[in-house]
Amino acid sequence: MLELLKPQPADKIIALMGLYAADPRDGKIDLGVGVYKDANGKTPIMRAVKAAEARLHEAQTSKSYVGLLGDLSFVDAMRNLVLGTSVAADRVTGAQTPGGTGAIRQLAELVKLANPQATVWLSDPTWPNHPAILKHLDIPTQSYRYFDAATCEVNFDAMMEDLEQAQAGDVVLLHGCCHNPTGANLDLLQWRAVTDLVLRKGLIPFVDLAYQGFGDGLEDDVQGMRHLLGAVPQAMVAASCSKNFGLYRDRVGVALVIAPDEKTRDLAKGALSSLNRLNYSFPPDHGAALVSILMNDADLRADWQAELEEMRTGMLDLRTGLAEELRRATNSDRFDFVANHRGMFSRLGLPPEAVEKLRDEHAIYMVGDSRINIAGLPKDGLTRLAQAVAAVLS
Ligand code: LMR
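Counting of residues starts from 1 at the beginning of each chain's written sequence and follows it residue by residue. Where totals are concerned, whole chains, interfaces and linings use all residues; where local detail is concerned, this predicted model gives features only for residues with pLDDT of at least 70, and gives and counts side-chain atom pairs only at 80 or more.

The name given to the chain in an unreviewed UniProt entry is Aminotransferase, with Oceanomicrobium pacificus as the source organism. Quoted verbatim from the Sequence similarities (unreviewed entry) field of the UniProt record, the comment on the chain reads "Belongs to the class-I pyridoxal-phosphate-dependent aminotransferase family." If you open the UniProt record of the chain and go to Subunit (unreviewed entry), you find "Homodimer." UniProt positions are given in the numbering used here, feature names are shortened, and annotations may be inferred rather than shown by experiment.

See the structure below:
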């Protein structure tokens, strides 16, 4: 049997992690996988998470199962964080999942269960695991143009033109904030226009929210998304706690479903519960328990928010600094967009040969489409990266 397996296509982000790890050169710079690093190159355990962990260690008396939907106090805390008051709580159901990827997978399965005919519309470009998961599940996909390669900003007219082709009942996958891989985001007016289009055409929004708090702040980042979700009868959100709680390896996420009425909500709840059972039974508890402790304690929550804000403003400083260095090194305003982008990522718009040269000649690793993780830049990395980019382009 095993000999019948075909080699599986490599995920380009994970493959890059391997290449970087195997590179023996001193001073190599990793701008690949989306993991936050501080000025010393460390990915910290956030203070409030550490404190919640100590409390959990003291207070936990059993490792018995919690429930198929996970810890409901966690699910509710996440509903609050993600949706605020934009959608009435009794219209929402949710399941704890292993990471944001788990939430995407469960919601994609829910789409298939509900409507196998639905096409899922993906931004071009998008996180490579989106099309990979959907293809694996045999869910039809289409893409909508999103990024203007010339300006490195959103090509909104093209996006709207393409989404006009979607059929009623189709699903539109949107990045809630901090678009991955481009770093170019919709503004509030554009979210409003998307909302109108979604309502007019009867589409179902599916929002991937992996970076809340990494762009303009916890609330500002989700303003546009909340406008959309507050207006539509049905929607889904996959939210990740990997980045904003720094819980990467603990795998913490939530799949939220917004339903028009109680009956539909309960159908969705049953489907989420069943999908958890079918895929892994009970979702992993540890990280979600930490989020629940932290979010339900005013002091820990305030400290978490303060630390998240330090991380966010640090990334913004890196953005302004890098845009300045690139302006100096290339003697042009070609890369000014880096300061306007938000989140961990920016797609620099470099040709693949330049990306390769940066890796081979300068030990600077970025994803093949020239996506950089801004938080991967070490203190002295701004000038080095800017000069290397100028060198490979000359
Ligand atoms: C990324 O895009 O680098 C992150 O979302 C990590 C991952 O799993 O790909």
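### Regarding the site of the ligand
Surrounding the ligand, one finds Ile13, Val33, Gly34, Trp127 and Asn180. A breakdown of the residues in the shell around the ligand according to their chemical character gives 3 nonpolar, 2 polar and no charged. Think of it this way: take the backbone, place a C-beta atom on it, and check whether that atom is within 6 Å of the molecule or strand, in which case the residue is near it. Residue polarity is assigned by list, with Asp, Glu, Lys and Arg as charged and Ala, Val, Leu, Ile, Met, Phe, Trp, Tyr, Cys and Pro as nonpolar; anything else, Gly included, falls into the polar class.

### Quick look at the nonpolar core
Under the definition applied here, buried Ala, Val, Leu, Ile, Met, Phe, Trp, Tyr and Cys residues are grouped into a nonpolar core through C-beta atoms within 7 Å. Any residue with 12 or fewer other C-beta atoms within 10 Å of its own C-beta is exposed, any with 20 or more is buried, and the rest are partly exposed; the C-beta atoms used are placed from the backbone. Among the nonpolar cores identified, the biggest contains 117 residues, and Leu107, Leu256, Val291 and Leu294 are the most heavily contacted of them. What counts as a helix is a DSSP run of H or I of at least four residues, what counts as a strand is a run of E of at least two, and both are numbered from the N terminus. Ranked by residue count, the leading element in this core is helix α11 (residues 298–330), at 10 residues. Per-domain counts for this core show at least three residues from each of domain 1 (2–45 + 305–393) and domain 2 (61–298). Think of it this way: build a C-beta for each residue from its backbone, and any pair within 7 Å is a contact. Contacts of Val291, omitting those with residues within four sequence positions, involve Phe74, Ala77, Cys241, Phe245 and Val252. Where a domain begins and ends is set by an automatic assignment or by a domain database.

### Some remarks on unusual backbone geometry
In this chain, Asp124 is followed by Pro125 through a cis amide linkage whose omega measures 5°. Within the secondary structure layout, Pro125 lies in the loop between β3 (120–124) and α5 (129–136). Here the amide bond leading from Asn180 into Pro181 is cis, since omega sits at 20°, within 30 degrees of zero. Among the structural elements, Pro181 can be located in the loop between β7 (171–175) and α7 (188–201). The phi torsion at Ala363 lies on the positive side, around 55°, for a residue other than glycine.

### Description of the UniProt feature "domain: Aminotransferase class I/classII large" (unreviewed entry) in the chain
As annotated in UniProt, the feature "domain: Aminotransferase class I/classII large" (unreviewed entry) corresponds to residues 28–389 in the numbering used here. Helix makes up 46% of residues 28–389 and strand 15%, whereas the separation of the span's terminal C-alpha atoms amounts to 15 Å.

### Here's the deal with helix α10 (residues 286–295)
Of all 10 residues in α10, 9 are buried, a share of seventy percent or more. Within α10, the full set of buried residues consists of Gly287, Ala288, Ala289, Leu290, Val291, Ser292, Ile293, Leu294 and Met295. Buried residues in α10 make contact with α2 (47–59), α3 (72–83), β2 (92–97) and α11.

### Focus on the packing of α3 against α10
Across the interface, α3 lies against α10 with an axial gap of 9 Å and an inter-helix angle of 60°. Regarding the angle of α3 to α10, the classification is oblique. The chirality of how α3 crosses α10 is left-handed. In this structure, α3 contributes Ser73, Phe74, Ala77 and Leu81 to the contact, and α10 contributes Ala288, Val291, Ser292 and Met295. Axis definition: a line fitted to C-alpha atoms, limited for helices to the stretch in contact. Angles are taken between N-to-C directions and run from 0 to 180 degrees. Working definition: roughly parallel below 35 degrees, roughly antiparallel above 145 degrees, roughly perpendicular at 65 to 115 degrees, and oblique for all remaining angles. Each helix crossing is assigned a hand: it is left-handed if the near helix lies turned anticlockwise from the far helix by less than a right angle, otherwise right-handed if that turn is clockwise.

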